[in-house]
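# Coordinates in review
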Amino acid sequence: MKIIDQLFEETNQQRILLQRLKVSARPIIIYGAGVYAYVLKRFLELNGIHIQAAMVDADYQSHPSFTDLNVVTTESYVTQLGNCHVIIGITNYPPCVEKLEKLGLTDIHVIDIPDYLNMPNAFMDRQFVIENSAHFEQAADLFADELSRQTYIAAINTKINENLDHIKPLVRLDNLYLPSSEFSPGDHENFLDVGGFTGDTVREFHAIKKGAYEKIISLEPGDKNFTALQETISTLQLSKVIPLKVGAWNEKTTLRFTTKDMHIDNEISETGSSEIQVDTIDAILKQLDTSVSLIKLDINGAEYQALCGAAETIRKNRPNIVVRIHKKEDFYRLPILLKQLAPDIKLYLRQRNYMSMMLIMYGIFDSAA
């Protein structure tokens, strides 16, 4: 069955909810004070919705404020919650909803953020899929298993309808980039971490492998993030990590860069107030005179350009690839590109948590090939 025949046409209940929240006189509380809560707050504010406070369970309250919000505890605020709209700001939302319902709350909402790059607009619409249906069909045929193909259709329907019910049955909870259930890294990896951020992936990789790897090369072009990456490496006393203050692109150049409060949603922008240096992965590895066996890319929409600049590395080194999908065009152009660069690579798609922005594609080479 063709993809366009599997698209659902639904009333967008999330947009209706957002409008209702915008005009409501009742206080709006975000349950959670982590990364997703930060993105959710930005999304709601861009939709004209005022947030009164962030709420966490008492065991998780580490600071009195979160961004510019006061942090209250569930235990201390429970008597007031009946008069509030509570929006879940935690990606693993099902147990959160269940917990709050047991406290007697009925006005609980889960809102799916399209992606950092699209806020407050929708990620894609039905017309985009129809106009590019040939590309979507080509990409769908490239995945190696039925779960990937089902996840692909469900993810598209989730995006165009902003309805998490489509993707929820296909969620396979695991680490985003370094899963333990499948596609897990080997014991002698030369790992290229594209999008080093503050060293979170370096920390996770080192912990998972317990030091059993050859080396890690971590690319991070942003000033503050790179400083934090260096501090992580120093704190953990990691001798096999090479941090580089450079981003991955399809050529060596200087790009404008827009930074945000928590830096997780920094992005390349012509109007950006900062500059970053970028180069191709091929050139970076050639300068280091090294090869890699595993590449992770999570760089806020620059994944396609970075992979174009890694063509020689992919053909020569045959590294397994983990890439997060940030842009609507990448639903088809990333799998098509990887198959063009390496026809024998096997592509898999997994939804790693309950929010649609956490869609991960894995490119796996047969080690025996």
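Calculation criteria
- Residues numbered from 1 in each chain as written.
- Predicted model: local features only at pLDDT ≥ 70, side-chain atom pairs only at ≥ 80, totals over all residues.
- Heavy atoms only, no water.
- Salt bridge = Lys/Arg side-chain N within 4 Å of Asp/Glu carboxyl O.
- Helix = DSSP H or I, 4+ residues; strand = E, 2+ residues; numbered from the N terminus.
- Buried < 20%, exposed > 50% of the residue type's maximum accessible area, 1.4 Å probe, protein only.
- Core = buried A, V, L, I, M, F, W, Y, C linked by side-chain atoms within 4.5 Å.
- Contact = heavy atoms within 4.5 Å.
- 1 Å grid on protein atoms, 1.4 Å probe; cavity = no way out; pocket = protein on both sides within 12 Å on 5 of 7 lines; lining within 4 Å.
- Points joined across faces, edges and corners; volume = space filled by probe spheres on them.
- Nonpolar A, V, L, I, M, F, W, Y, C, P; charged D, E, K, R; others polar.
- Arc of directions from axis to C-beta.
- Polar contact = N/O pair within 3.5 Å; in protein donor to acceptor, adjacent residues only side chain to side chain.
- Pairing = 2+ DSSP bridges.
- Axes fitted to C-alpha atoms, helices over the stretch in contact; angles between N-to-C directions.
- Expected span 1.5 Å × (residues − 1).

### Notes on the pattern of salt bridges
- Within the structure shown, the criterion is met by 18 salt bridges.
- Residues Arg350 and Asp145 are paired through a salt bridge, measuring 2.7 Å at the closest nitrogen-oxygen approach. Of this pair, Arg350 sits in strand 16 (residues 346-351) while Asp145 is found in the loop between helix 6 (133-140) and helix 7 (146-161), placing the two residues 205 residues apart along the sequence.
- Arg350 gets classed as buried once you look at its relative accessible area, which sits at 3%.

### With respect to the nonpolar core
- Ile111, Phe136, Tyr152, Ile156 and Phe331 are the most contacted members of the largest nonpolar core, which has 124 residues in total.
- Ignoring sequence-local partners within four residues, the contact set of Ile156 consists of Ile3, Leu7, Met124, Val129, Phe136 and Phe331.

### Focus: empty space enclosed by the protein
- A full pass over the atoms with the stated rule returns 1 cavity of 30 Å³ or more.
- By volume, the largest cavity amounts to about 30 Å³.
- Around the largest cavity, the lining residues are Gln14, Asp112, Ile113, Pro114, Phe123, Thr158, Lys159, Glu162 and Ser356.
- Its residues placed into classes, the lining of the largest cavity shows 3 nonpolar, 3 polar and 3 charged.

### Quick look at helix 6
- Those residues of helix 6 that fall on the buried side of the exposure criterion are Phe136, Ala139 and Ala140. Around the axis of helix 6, the buried residues are gathered within 100° of arc, so they sit on the same side.
- Those residues of helix 6 hidden inside the fold are in contact with helix 5 (126-131), helix 7 and helix 13 (330-341).

### What to know about the environment of Arg318
- Positionally, Arg318 belongs in the loop between helix 12 (311-317) and strand 15 (320-324).
- Residue Arg318 is classed as partly exposed on the basis of its relative accessible area, which comes to 28%.
- Taking the C-alpha atoms as reference, Arg318 lies 45 Å from His63; in sequence the two are 255 residues apart.
- In this structure the side chain of Arg318 is engaged in a polar contact, spanning 2.7 Å, whose partner is the side chain of Asp344.

### Some words on the sheet that holds strand 9 (residues 241-244)
- Strand order in the open sheet made by the 7 strands is 9-8-7-14-15-17-16, with mixed pairing throughout. Edge strands, defined here as strands with exactly one partner in the open sheet, are strand 9 and strand 16. Put simply, the sheet's adjacent strands are angled 15° from each other on average, direction ignored.
- In terms of strand pairing, strand 14 (residues 294-297) meets strand 15 through 4 bridges, oriented parallel. When the sheet's bridge partners are listed, Ile295 is paired in strand 15 with Ile321.

### Thoughts on helix 7
- Over its 16 residues, helix 7 extends 23 Å from the first C-alpha to the last, a length consistent with the 22 Å expected when each residue adds 1.5 Å.
- Among the 16 residues of helix 7, 13 are classified as buried, and the element is accordingly described as predominantly covered.

### Section: the environment of Tyr93
- Relative to the helices and strands, Tyr93 is located in helix 4 (residues 93-102).
- The buried category is assigned to Tyr93, whose relative accessible area is 8%.
- The spatial distance from the C-alpha of Tyr93 to the C-alpha of Met355 is 8.7 Å, given a sequence separation of 262 residues.

### Some thoughts on unusual backbone geometry
- Residues Met119 and Pro120 are joined by a peptide bond in cis, for which omega reads 0°.
- Located in the positive-phi region is Glu162, a residue other than glycine, with phi close to 50°.
- In this structure, Glu162 sits in the loop between helix 7 and strand 7 (190-194).
- A relative accessible area of 8% places Glu162 in the buried class.
- Positive phi is not limited to glycine here, since Asp289 has a value of about 55°.
- Secondary-structure assignment places Asp289 in the loop between helix 10 (281-288) and strand 14.
- Using a relative accessible area of 72% as the deciding quantity, one classes Asp289 as exposed.

### Quick look at the layout of surface pockets
- Quantified by volume, the second largest pocket comes out at close to 330 Å³.
- As for the second largest pocket, its lining consists of 17 residues, of which Val110, Glu162, Asn163, Leu164 and Asp165 are closest to the centre.
- The greatest single-element share of the lining of the second largest pocket, amounting to 3 residues, is contributed by helix 1 (residues 13-23).
- Class assignment for the residues of the lining of the second largest pocket results in 5 nonpolar, 7 polar and 5 charged.

### Details of the sheet that holds strand 3 (residues 65-66)
- Judged by pairing direction, the sheet is mixed, and its 6 strands sit side by side in the order 3-4-2-1-5-6 without closing on themselves. Every other strand in the sheet has two partners, leaving strand 3 and strand 6 (108-110) as the edge strands with one partner each.
- Here strand 5 (residues 85-88) pairs with strand 6 via 3 bridges, running parallel. The residue bridging Ile88 from the neighbouring strand is Val110, located in strand 6.

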